[in-house]
Amino acid sequence: MALSSTFVSAVLVVALVAPLAPPCHGFSLKDLFVPVIKDQVSDLWRTGDIDLVGHSCTYNVKPDIDGFELYFIGSVTCPGWTTLRGESNTRSKSGVVNAAVKDFIQKALKAGLVTEEEAKPHLV
């Protein structure tokens, strides 16, 4: 009888304590990689403001995949000044905005919106 009462007591204790234990979460590779991939992918798109020859302008960068290669498409616009649009398509994530600015300034110079002196720092 002592064995069965001990067994019943043990089962009763487990039954009362089990709901208080925190749930067990399994390990998943998804939990490990999704935050890292999300940070890397979201960093591929950028938008910001830039001042060009005294005018407030906006730049945009977005990724593009051609074959198995990653490219970046950049654009620069100055809505309060002109309808010109500077564009670039490069493999360089860090140089895409500079290439779009250079294209914009070249177009602005050709259109007579800036002088050669104003354009020179952006065309180097």
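Residues numbered from 1 in each chain as written. Predicted model: local features only at pLDDT ≥ 70, side-chain atom pairs only at ≥ 80, totals over all residues. Heavy atoms only, no water.

Pairing is antiparallel across the open sheet formed by four strands, whose spatial order is E1-E2-E3-E4. Since the sheet does not close on itself, it has two edges, and those belong to strand E1 (46–52) and strand E4 (85–90), each with one partner. Each strand axis lies, on average, 25° off the axis of its neighbour in the sheet, ignoring direction. Taken strand by strand, helix H3 (residues 96–110) contacts E1, strand E2 (55–66), strand E3 (69–77) and E4, and its axis lies near 140° from that of E4. (Pairing = 2+ DSSP bridges. Helix = DSSP H or I, 4+ residues; strand = E, 2+ residues; numbered from the N terminus. Axes fitted to C-alpha atoms, helices over the stretch in contact; angles between N-to-C directions. Contact = heavy atoms within 4.5 Å.)

So, about the side chain of Ser-75. Residue placement: Ser-75 occurs in strand E3. One polar contact links Ser-75 to Arg-85, side chain to side chain, over a distance of 3.4 Å. Setting aside chain neighbours within four positions, we find Ser-75 in contact with Thr-58, Tyr-59, Asn-60, Arg-85, Gly-86, Glu-87 and Ala-100. (Polar contact = N/O pair within 3.5 Å; in protein donor to acceptor, adjacent residues only side chain to side chain.)

For the structure shown, the criterion picks out one disulfide. Cys-57 shares a disulfide with Cys-78; S-S distance 1.8 Å. An S-S torsion of about 100° defines the bridge between Cys-57 and Cys-78 as right-handed. Pair noted here: Cys-57 is in strand E2 and Cys-78 is in the loop between E3 and E4, with a separation of 21 residues, a long-range link. No difference in accessibility class separates Cys-57 from Cys-78, as the two residues are buried. (Disulfide = S-S within 2.5 Å. Buried < 20%, exposed > 50% of the residue type's maximum accessible area, 1.4 Å probe, protein only.)

With that settled, consider the packing of H3 against helix H4 (residues 116–123). Running from N to C, H3 and H4 point in directions that differ by 160°, and their axes come no closer than 9 Å. By the angle class used here, H3 and H4 are roughly antiparallel. Read as a crossing pair, H3 and H4 show a hand that is left-handed. Each of Val-101, Lys-102, Ile-105, Gln-106 and Leu-109 in H3 lies in contact with H4, whose residues at this interface are Glu-116, Ala-119, His-122 and Leu-123. A per-class count over the contact of H3 with H4 returns five nonpolar, two polar and two charged. (Parallel < 35°, antiparallel > 145°, perpendicular 65-115°, else oblique. Left-handed = near helix turned anticlockwise from the far one by under 90°. Nonpolar A, V, L, I, M, F, W, Y, C, P; charged D, E, K, R; others polar.)

By the element assignment, Ser-42 lies in helix H2 (residues 29–42). Linking Ser-42 and Lys-107, residues 65 residues apart in sequence, is a C-alpha distance of 31 Å.

All right, on to the nonpolar core then. Grouped together as the largest cluster of nonpolar side chains are 17 residues, with contacts concentrated most on Leu-52, Val-61, Val-76, Val-97, Val-101 and Phe-104. Where this core is concerned, the elements lending two or more residues are E2, E3 and H3. When residues in this core are grouped by element, the largest group, seven residues, is from H3. Apart from residues lying up to four places away in sequence, Val-97 is in contact with Arg-46, Tyr-59, Val-61 and Val-76. (Core = buried A, V, L, I, M, F, W, Y, C linked by side-chain atoms within 4.5 Å.)

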